[in-house]
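# Remarks on the overall topology
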Amino acid sequence: MATTVHDPPKSGTDQKHPALTTTGNGNRGGVLPGGGNLREVRQYSPPPASTGIWVGIAAIAMTFAAFTSALIVRKGSSNDWQPFTLPIILYLNSVLLLASSVTLEVGRRRVAAFMAGVKAQRANPARWLYVTLTLGVFFVAGQYAAWKQLRAQGVFLATNPSSSFFYLLTAVHALHVLGGLAGLLLVIGRLRSCVLRRSTLDIASRYWHFMDVLWLYLLLLLWMTL
Amino acid sequence: MHDMSAQAVQHHAPPTSFIGKHVFSLDHKVIGKQYYALALVAVVIGMVLSWLMRIHLAWPSAKIPLLHYLSANGAAGNVMTPEYYLQLMTMHGTIMVFFVLTTAPFAAFGNYFLPIQVGAEDMPFPHFNMMSFWVTFVSFLVMIASFFVGDGPTLGGWTQYAPLSAIGPASGPGQGMGVVLWASSIAIFCVGQLLGSLNFITTTLDMRTRGMSLWRLPLTAWAWFITSVMGLTAFAVLMPACILLILDHVAGTSFFVASNLVISDQVQPHSGGSTLLWQHLFWFFGHPEVYIAIVPGMGIVSHVLITNMRRPLLSHRVMVYSMGALAVLSYMVYGHHMFVSGMNPFSSLAFSFPTLIITIPSTIVVLIWLGSLYGSKLRINSASLFSLGFISMFISGGVSGFFLAQPSIDIMLHATYFVVGHFHLVMAVAAIFGIFAGTYFWFPKMTGRMMNETLGKIHFWLSFVGAYCIFMPFHYLGLAGNVRRYQAFVDDYLQPLLPVHKFITVAALVTGAAQLVFLYNLVYSRFRGERAADNPWQATSLEWSTPTTPPPFDNFGGQHPVVYHDPYQFGIEASSGDYVMQNSPEEIHTVRDEE
Amino acid sequence: MAAKGRTMGRIFAVTILVIAIGSAIPILRHTWWMPQDISTHGAPIDEQMSETMAEAGICFLASQILLAAFIWKFSNPKPDSKIKTFPGGASGLVIAAFLLVGTEVLALGAFGAKAWAKIYFTPAAANALPVQAQAGQFAFYFRYPGPDGKFGPIHPDMVSEANQNFYGIDINNDQDAKDDIVTAEMAIPVNREVNLLMHSKDVGHSFFVPELRVQQDFVPGLDVAIHFTATKIGRYEIVCTQLCGLGHYNMKAYLSVMSQQDYDDWLKKEAALQ
């Protein structure tokens, strides 16, 4: 997590003042020490974006927690809840999203290694990011296809509370996935212009993985209650 | 030696254009001032609404000049209709709670001073920060727009209980477009708050300068940090609630509207929603919200009083832990708003215990203040007077909580003026006093000029006595069974209480007028106030160490401060007097924390 | 300058005292107070109220007096005076808060729970008189089951203010509905337990009779029931306390507590008017 308090790197001069035994946040800056060795990198305090993304993830989690309680309460409060079968394409979409997390992780490590100048790259380090992007787009398209399928069956937003929650949860999730896609586009753009910061890459990935985990949770919830 | 902290923030160059400097500014100080200005406009509107309400309550058939300009059909002949009273009441509560009490103590002062107090140049996400203000501003515009659209604003109270709020226009004027605008405005507001919380949390955790450990943070920084964590979790629940409400209106869903409801002999087309669901979602947000309104005030009062008492609090850590305890407990108590709502009576008991327990950290906070006053060298000025006034008001408002925390007593006091008295004392008075204290204290740093002390004291006296005259009688009315949210008192048993209402109305108008003294002082001092030194109060925290007053664009003029001391080293012997500033390298005998 | 501060501090201290004591006086004298209790379950509530008032009052007065005293004594002292620490320090105060306030609130909670349980955790007596109350914008209507003791079902599509069929009952097809008695006023016999079945026609409302020590929300979509016994003959107001729209302030009905004989006569008269 975000902040550990420890000494800044020694830089030749020494602080003898006794009151300086406690420091602020420690090392700052985007310099990647340790020659790209991930284990060494983790000893240093991450930049604020790392904390920031956890804050964002916490907020999104709370939002979906609220939707979850709404679903549970609404289901239990009257007899009008009509479950329906989830469109099969949802499961395919889930596989796509899971795959995208895998490709993103592969891509992230390759880009990180590339940025640290560790390995000579034969292939474009952003290739796996492009694959992730594509899988993500297919996910959203697949969700849209699921909605179309339901609409063809006459199941709309207001048809039944069960369908209301289905559309609501999948739509809000898809909106956040679109945000994640925008983040990936930003990362790819900055990588191509050689101005990508390691932290930007990491937080975009963390957000994307969270979208994946969140989707698995929503799928489980919908499967159990619908 | 090489200072690493400089690279943390996305450096943005100082803006040069007027728009860049004063409108779309990335500078947290400008954003803070923008929030303050928004809160100022909102509080004036909210206060005028309350005057209209009070005049109507005392003289229901009175013709109020110009009222018909505010409403197409709510004030024919300048006489307020019952529905218009409720609409004004709803807007009063909403505007005050959201656009004043969540904005001024937290977003205004916090944005301005948190980065400086931790020793940073700015917050880590200045673009998000700028967005947070403008999103809040848009939210405010949407809320105000409801006055001028359709049949006016919603009349369901700031609590917008379903199904009145969810069933649509059939249930009353303003319940169609008015509700949609209200819910949209609040949903937008939530986004602004989340962006703000993001910056506050990351600033506190990641942007502290060298030497600024967590325990060296001033109490205001702690208060803002705790508040921002509460804001994050609470507003993230309010937003889905508003989305569900909007969907019930525009998409034909039935989240909150039960089936078989009949209005004007028409069965409403809904299939089985849950009335109580709205209340649970709303109050899960609503209770932490009131602590969001008060905790920054506690931080400000502590900060201002410590400087004016020339000694640190009896225990810095206990104050921090207590504010944290309040925040944590605030999530467990929300059902005390729902004791007689029809929820399981066992749940009512379950909620009442944490509600009673929350008196303990509240008491500790007050006792720490009182204990710190003992043996201090208390300076009396406008800032310290309002801080002391806060304590008195917080005691008064808090004590009525003893009653409301118990379901058996709540049977008699729920939905009466007792509740209205309780929350006005803590929110409308104590929290506002915190804002005033912060204003008198920090005005010199923000503008480079002192506010007029005489006017400040007049403002204090009129407000302190006036507020008690207004809100203490509310408790008596409540005990006698005076129901709230009534636009007129027609019941037999309420007739003997009418003179009390007239007294309150007069007190409210006088106290309201007294606020003009403050407004005048603000404007006058901004342009003609006495020039302020960099550290006019001889305070210790980093905001008083900025190289210029007001602080330069990057707060510290390119030099990041190094912190050597705990935040409130007063009552010691140092070269500057009885205090040493946090960034002074001078070694002194430190005042140890009382553990 | 310091002297002026000291004077203002002292005036402030006196003001706090005057306000604190002044606020307490109407409470002590019960100038504005709850009306007389006419219920069988109200005594513990009233006792709870008095206990809480005493404890809250002591806390209120003690803290305001302390605040006033410290402001009086310590505002703008001489420049050479020393900072003193409160005896016992913070730990003393924290312990005091936990022990004193903690035990106080837990005691209040425990006793209050008993009062609450008496009302909500005991079932209605088997021979309680069933009365149905319906709240709708902006009036209360009451229904008695008649000699068969059963309420006819409510048909929402048959509700008609115009035809005065407030409950939407179908007297032609529902046997149980034929002898139902619908009234605009609620009458109950004294000293007889009443089981009030609460139904909302449209939005949220609430049933509040201060003398009866009863307040309960109507929940649209969820019919709740409360039971109580009135002990004093008289006429009392039932007021709505849950914001329900523009007529909320005016939404009320009368509760008449009568002798059994008078109640029987009243019911016969109402039945004839159906």
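## Section: the arrangement of the chains
- Among the two pairs of chains in contact, the pair with the most contacts is chains B and C.
- There is a gap between chain A and chain C: no contact, and a shortest C-alpha distance of 8 Å.

## A closer look at the interface of chain C and chain B
- Counting from both sides, the interface comprises 102 residues of chain C and, opposite them, 101 residues of chain B.
- Of the roughly 8,700 Å² buried between chain C and chain B, counting both surfaces, carbon and sulfur atoms make up 74%.
- There are two salt bridges connecting chain C and chain B.
- Note that C:K252 is salt-bridged to B:D492, the shortest N-O span being 4.0 Å.
- Run the count over chain C and chain B and you get 28 residue pairs in polar contact (both at pLDDT 80 or more).
- Only helix 1 (2-28), helix 2 (42-74), helix 3 (89-120), strand 7 (214-218), strand 9 (234-239) and strand 10 (252-258) of chain C provide two or more residues apiece to the side of chain C that touches chain B.
- Per-element tally for the side of chain C that touches chain B: the top contributor is helix 3 of chain C, with 21 residues.
- Among the residues forming the side of chain C that touches chain B, the class breakdown is 60 nonpolar, 30 polar and 12 charged.

## Topic: the domain arrangement of chain B
Residues and elements named next belong to chain B.
- For chain B, the domain assignment lists domain 1 (1-260 + 267-273), domain 2 (304-524) and domain 3 (533-595).
- Using C-alpha coordinates to define each centre, domain 1 is positioned 34 Å away from domain 3.
- With 30 residues of domain 1 at the contact, the number on the domain 3 side is 21 residues.
- Where domain 1 abuts domain 3, roughly 1,800 Å² becomes buried across the two surfaces, and 59% of that area is made up of carbon and sulfur atoms.
- Its largest share of buried area at the contact with domain 3, domain 1 owes to I116, E121 and R216, together 30% of the area lost on that side.
- On inspection of domain 1 and its partner domain 3, the count reaches one salt bridge.
- Here R216 ties to D566 by a salt bridge, and the two come within 3.9 Å at their closest N and O atoms.
- Taken together, domain 1 and domain 3 are joined by 14 residue pairs in polar contact (both at pLDDT 80 or more).
- Top element by residues in the side of domain 1 that touches domain 3 is helix 5 (residues 103-118). It accounts for six residues.
- Residues of the side of domain 1 that touches domain 3, tallied by class, amount to 15 nonpolar, eight polar and seven charged.

## Quick look at the packing of aromatic side chains
- Taken as a whole and judged by the stated rule, the model has 76 aromatic pairs over all chains.
- With a centroid separation of 6.5 Å and 35° between ring planes, the pair formed by B:F346 and C:F121 is classed as tilted. With one member in each of two chains, B:F346 in helix 11 (residues 345-357) and C:F121 in the loop between helix 3 and strand 1 (129-136) form a pair that bridges those chains.
- Classification of B:F346 as exposed rests on a relative accessible area of 53%.
- Relative accessible area serves as the criterion here: at 39%, C:F121 is assigned to the partly exposed category.
- An aromatic cluster of three or more residues is present, and its members are B:F98, B:F99, B:F140, B:W158, B:F189, B:F235, B:F256, B:W278, B:F282, B:W283 and B:F285.

## Focus on the environment of A:M62
- Here A:M62 lies in helix 2 (residues 48-77).
- In the structure, A:M62 is positioned 63 residues away from A:P125 in sequence and 35 Å away in space, judged by C-alpha atoms.
- In this structure, A:M62 is in contact with B:T233, B:A236, B:V237 and B:F284, ignoring residues within four places of it in sequence.

## Quick word on the sheet that holds strand 1 of chain C
Residues and elements named next belong to chain C.
- The sheet built from five strands is open, its strands ordered 3-2-1-5-8 with mixed pairing. The open sheet has two edge strands with one neighbour each: strand 3 (181-183) and strand 8 (224-229). Direction aside, the axes of adjacent strands within the sheet are offset by 25° on average.
- Helix 4 (residues 260-273) rests against strand 1, strand 2 (139-144) and strand 3 of the sheet, and its axis sits at about 100° to strand 3.

## A closer look at the environment of B:Q175
- Along the polypeptide, B:Q175 turns up in the loop between helix 6 (126-145) and helix 7 (177-206).
- Each C-alpha atom, one on B:Q175 and one on B:S575, is 65 Å from the other, the two residues being 400 residues apart in sequence.

## Observations regarding the packing of helix 4 (residues 82-101) of chain B against helix 7 of chain B
All names here are of chain B.
- Put simply, helix 4 and helix 7 touch, their axes get as near as 12 Å, and they point 5° apart. As judged from the angle between their axes, helix 4 and helix 7 are roughly parallel. Contact residues: helix 4 offers M91, T94, F98 and F99, while helix 7 offers W182, S185, I186 and F189.
- Looking at the contact of helix 4 with helix 7 residue by residue, the classes come out as six nonpolar, two polar and no charged.

## What to know about the domain arrangement of chain C
Residues and elements named next belong to chain C.
- Here the domain parsing of chain C yields domain 1 (2-77 + 87-120) and domain 2 (129-273).
- On the side of domain 2, 15 residues touch domain 1, which itself brings 13 residues to the contact.
- Carbon and sulfur atoms make up 54% of the surface buried where domain 1 meets domain 2, a total of about 1,100 Å² over both sides.
- For the pair domain 1 and domain 2, the number of links is one salt bridge.
- Among the secondary structure elements, those contributing two or more residues to the side of domain 1 that touches domain 2 are helix 2 and helix 3.
- With three residues, helix 2 is the largest single contributor of residues to the side of domain 1 that touches domain 2.
- Here the residues of the side of domain 1 that touches domain 2 sort into six nonpolar, five polar and two charged.

Definitions and cut-offs
- Going along each chain's sequence as written, the residues are numbered from 1 onward.
- Starting at A for chains and at 1 for ligands, labels are handed out in the order in which the entities are written.
- Residue-level local features of this predicted model are given only where pLDDT is at least 70; pairs of side-chain atoms are given and counted only at 80 or more, and the full residue set underlies all totals for whole chains, interfaces and linings.
- Side-chain measures were taken over the full set of non-hydrogen atoms in the model, leaving aside hydrogen atoms and water.
- We call two residues in contact whenever any of their non-hydrogen atoms come within 4.5 Å of each other.
- As used here, buried area is the combined drop in accessible area, with a 1.4 Å probe, of two parts when they are placed together.
- A side-chain nitrogen of Lys or Arg and a carboxyl oxygen of Asp or Glu constitute a salt bridge if their distance falls within 4 Å.
- The definition of a polar contact used here is a pair of N or O atoms within 3.5 Å, where within protein one atom must be able to donate a hydrogen and the other to accept one, and adjacent residues in sequence count solely through side-chain atom pairs.
- Comment: elements are numbered from the N terminus, with helices defined as DSSP H or I runs of at least four residues and strands as E runs of at least two.
- For this classification, Asp, Glu, Lys and Arg are treated as charged, while Ala, Val, Leu, Ile, Met, Phe, Trp, Tyr, Cys and Pro are nonpolar and the rest, including Gly, are polar.
- Domain start and end points were adopted from an automatic or database domain assignment.
- Two rings from Phe, Tyr or Trp (for Trp, the six-membered ring) form a pair when their centres are within 6.5 Å of each other. A pair whose planes differ by under 30 degrees is stacked, one over 60 is edge-to-face, and the rest are tilted.
- Only protein chains enter the accessibility calculation, which uses a 1.4 Å probe; a residue whose area is less than 20% of its type maximum is buried, one above 50% is exposed, and one in between is partly exposed.
- For two strands to be treated as a pair, DSSP must find at least two bridges joining them.
- Between N-to-C directions, angles span 0 to 180 degrees; the directions come from axes that are lines fitted to C-alpha atoms, helices contributing only their stretch in contact.
- Note on terminology: angles under 35 degrees are roughly parallel, angles over 145 are roughly antiparallel, angles of 65 to 115 are roughly perpendicular, and the others are oblique.

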